[in-house]
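Working through the structure, step by step
Okay, here's what each chain looks like letter by letter:
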Amino acid sequence: MSTVDRPGLSDSVAAAVDESRLWAAHVALASIGGTPAGGVCRLALSAEDAEARRLLAAWARERQWSVAVDPIGNLFIRREGQDPRLPPVVTGSHLDTQPTGGRFDGVYGVLAGIEVLRALDDARIGTQRAVEVVAWTNEEGCRFSPGMMGSEAFAGIRDVATMLVVQDANGVSVAEALASTLDATPDATRRPLGFPVHAYVEAHIEQGPELERTGNTIGVVTGIQGTCRLRVEVRGDEAHAGTSRRGQRRDALLAATRMIQAIEQHVESCDPADDVRLTFGMLKVKPNVPSVVASWAYFSIDVRHADDDVMLGLVARIEPICREQAGGCDVKVTEIQRALATRFEGRAFDAVLAATRSRGYRHIAMPSGAGHDARQMAQLCPSAMVFVPCAGGVSHNEAESAEPADLAAGTRVLAHAVHELANT
Ligand SMILES: [Zn+2]
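An account of the accompanying structure is given in this report. (Residues numbered from 1 in each chain as written. Predicted model: local features only at pLDDT ≥ 70, side-chain atom pairs only at ≥ 80, totals over all residues. Heavy atoms only, no water.)

Bringing the overall build of the protein chain into the picture now. Of the regular secondary structure elements, the protein chain holds 13 helices and 17 strands. Scaling as 2.2 N^0.38, a compact globule of 424 residues should have a C-alpha radius of gyration of about 22 Å, and the protein chain matches this with 24 Å. By principal-axis analysis of the C-alpha atoms, the protein chain measures approximately 85 × 45 × 40 Å. Residues classed as buried in the protein chain amount to 54% of the 424 residues present. Taking as baseline every contact in the protein chain between residues at least 6 positions apart, the subset at least 24 positions apart corresponds to 80%. Taken as a whole, the protein chain presents about 17800 Å² of accessible surface, with 50% of it coming from carbon and sulfur. (Helix = DSSP H or I, 4+ residues; strand = E, 2+ residues; numbered from the N terminus. Rg over C-alpha atoms; globule rule 2.2 N^0.38 Å. Buried < 20%, exposed > 50% of the residue type's maximum accessible area, 1.4 Å probe, protein only. Contact = heavy atoms within 4.5 Å. Areas by Shrake-Rupley, 256 points an atom, 1.4 Å probe, with all protein chains shown as cover.)

What follows is the structure, encoded as C-alpha cells:
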C-alpha cells in the first residue's frame, strides 16, 4: 500500500462508521446491568461484566476476529494485519461501571473500537498492522480497590499476584471472580501479560462540561492531570458539651474544619484561573455524638492539576497549614497516592490531531480531569485520547447522556487515526 493512497483510505474507513449501528451497540450494552433509573450497574468481574464480554466475543466471531484474554482478564479482539509480526495498534477502554453508573463511561471506548473494526471490514480495507480492541479489567475500582487493574498489570506497574488476592465487600477475591468471568469466553486464547504496542488510542466521553460549554465536538486530549491524595488525622480530647469551656477544649472536628477552610482559601488565593481541582470528599469523626466534643477527625484531600510543579507546590503547603490550624490538637498528614501528570505526544497524538482536522470537526486541545487506562499505556507506547461531549458534563451518574452524532464523530476520528497508525 503506498502512502499516497492512505489519506483517501482513511476517509473511506471514517465514512464507513455507522452511527445507528454504533448507537444500537450502546443500547445492547446498556441493557446488561441496566438500572430502573436508566443507568448501568456493571461491576468489574460480575455476572454482568461476563455477559458483556460474551456479547463482544459473539460479535467478534461473526466477523472472524480473534479473541484473547490475559492473566488479569483483559479482553482483546484482534483484526489481523498484513504483517502479523508487527506490533498492533490498540484501542479500547473498559466495560465496568460505578454502582450507579451511566451508559457511556468506558463502554463507549470499547464500542467505538468495535465500530472501527466493522468499518474497516465494510470498507474492505486491510491494514499493515493488526488492530486490536481491548476491554481493560476493573478500571473503576469500586468493587475491587484500587482500580486500573487491567492496564496497570499490562504495563507492569503493579504485580498481578497482589491484585488477585484483593477481596470485595463480600469476601470474594479477584481470582475467584476472574475465574467465573473467564468462563464466559471459553474460546478465547490465553495470552501472557503485555506485548509490544505500536500505538494506543482511547475514545471516551469527556466526563466534564468543557466541550458542551464551548460548542466543540471533539476534544484532542493533551494529557491527564496529575493527582495526589492525602489523609489528615486530627487528635484532640473528648469532653462534655455542657461543662467544658472553649478555652479548655481540644476539639478535633473544629480543628479539621479550620484546616479544610484554610487549605481551600490558600488554593483560591494562588489559583485565580480556577485550574486546581481540590476535593475534601471524606470526613470521619469520633465519637460522632451530639453532646461530646470530638476527640478524633479524619479527612481526605484530593488535589489535581495538569502541571506537576503547581500540584506538588500545593501539596507541600498542606502540612504546614494543618499545623497552623491545629489549635492544640495533634495532626498527622499522610500522602497515600501520587500520580504525576501524563502528556500525550508522539505518533498517536499527532494522528488524532490530524484525523480531527481532516474530518473538519470543531475541536479543542484539552487535558483530561479524570484518570483513564491511557495513563498506564502512555508509559509503554505513544498514546492518545479522543473526547466527545456528554450532557452537562455529568458522569459517574445514572443520568449520564451523550448524543449519537457526537459518539459517531469521535468514532470517525478514531477510525481515521487508527487506520493511519496501522499503516505506519
Ligand atoms: Zn471511564
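Here Leu-312 shows up in helix H10 (residues 308–324). Judged by its relative accessible area of 27%, Leu-312 falls in the partly exposed class. Along the sequence, Leu-312 and Ala-326 sit 14 residues apart, while their C-alpha atoms lie 22 Å from each other. Each residue touching Leu-312, except ones within four places of it in the same chain, is listed here: Arg-338 and Leu-340.

Here the focus is the pattern of salt bridges. For the coordinates displayed, the defined rule picks out 24 salt bridges. Its salt-bridge partner being Asp-187, residue Arg-61 comes within 3.9 Å of it at the nearest N-O pair. Linking Arg-61 in helix H3 (residues 47–63) with Asp-187 in the loop between helix H7 (174–182) and strand S5 (189–190), this pair joins segments that are 126 residues apart in sequence. Summarising the burial analysis for this pair, Arg-61 and Asp-187 share the class exposed. As a salt-bridge pair, Asp-302 and Arg-229 come within 2.9 Å of each other at their nearest N and O atoms. (Salt bridge = Lys/Arg side-chain N within 4 Å of Asp/Glu carboxyl O.)

All right, on to the environment of Ala-68 then. Tracing the backbone through its elements, the reader meets Ala-68 in strand S1 (residues 66–69). With 118 residues separating them along the chain, Ala-68 and Pro-186 place their C-alpha atoms 9.9 Å apart. Beyond its immediate chain neighbours, meaning those up to four positions away, Ala-68 contacts Asn-74, Leu-75, Phe-76, Ala-188, Thr-189 and Arg-191.

Counting through the fold element by element, Thr-356 comes out in helix H11 (residues 347–359). Note on Thr-356: relative accessible area 0%, which makes it buried. Residues contacting Thr-356, with those up to four places away along its chain left out, are Ile-218, Val-220, Tyr-361, His-363 and Val-413.

For H7, every residue scored as buried is listed here: Val-174, Ala-177, Leu-178, Thr-181 and Leu-182. The buried residues of H7 all sit within an arc of 130 degrees when viewed along its axis, so they share a single face. Along its buried surface, H7 packs onto H3, S1, helix H5 (149–154), helix H6 (160–164) and S5. (Arc of directions from axis to C-beta.)

The next thing to look at is the side chain of Thr-342. Considering the arrangement of structural elements, one finds Thr-342 in strand S15 (residues 342–343). Setting aside residues no more than four positions away along its own chain, Thr-342 makes contact with Thr-222, Gly-223, Ile-224, Arg-375 and Ala-378.

Ser-145 connects to Pro-146 through a cis peptide bond whose omega is -5 degrees. Residue Pro-287 follows Lys-286 across a cis peptide bond; omega there is 0 degrees. Mapped onto the secondary structure, Pro-287 falls in the loop between strand S11 (283–286) and strand S12 (292–293). If you check the backbone angles, Arg-124 has positive phi at about 55 degrees while not being a glycine. On the secondary structure map, Arg-124 appears in the loop between helix H4 (107–122) and strand S4 (131–136).

Here the structure, examined in full by the defined rule, presents nine aromatic pairs. Judged by centre distance (5.4 Å) and plane angle (65 degrees), the rings of Phe-76 and Phe-195 are edge-to-face. With Phe-76 in strand S2 (residues 75–79) and Phe-195 in the loop between S5 and strand S6 (199–205), the pair connects residues that are 119 residues apart, well separated along the chain. Using a relative accessible area of 19% as the deciding quantity, one classes Phe-195 as buried. Aromatic ring contacts, followed pair by pair, group Phe-76, Trp-136, Phe-154, Phe-195 and Tyr-200 into a single cluster. It is Arg-118 that lies over the ring of Trp-59; its NZ or CZ is 4.7 Å from the centre. Geometry around Phe-76 places Arg-191 over its ring, the cationic atom sitting 4.7 Å from the centre. (Phe/Tyr/Trp six-rings, centres within 6.5 Å; stacked < 30°, edge-to-face > 60°. Lys NZ or Arg CZ within 6 Å of the ring centre and 35° of its normal.)

Relative to the elements of secondary structure, Gly-226 occurs in strand S8 (residues 226–235). Gly-226 gets classed as buried once you look at its relative accessible area, which sits at 0%. Taking the C-alpha atoms as reference, Gly-226 lies 9.8 Å from Val-310; in sequence the two are 84 residues apart. The residues contacting Gly-226, other than those within four sequence positions of it, are Val-303, Arg-304, His-305, Ala-306, Asp-308, Met-311, Ala-339, Leu-340, Ala-341 and Arg-375.

Glancing now at the packing of H11 against helix H13 (residues 404–421). Between H11 and H13, the least distance of the axes is 8 Å, while the angle of their chain directions is 130 degrees. As the angle between them shows, H11 and H13 are arranged oblique. Note that H11 runs across H13; the crossing there is right-handed. Facing Arg-347, Ala-348, Ala-351, Val-352, Ala-355, Thr-356, Ser-358 and Arg-359 of H11, the residues of H13 in contact are Arg-412, Val-413, His-416, Ala-417 and Leu-421. (Axes fitted to C-alpha atoms, helices over the stretch in contact; angles between N-to-C directions. Parallel < 35°, antiparallel > 145°, perpendicular 65-115°, else oblique. Left-handed = near helix turned anticlockwise from the far one by under 90°.)

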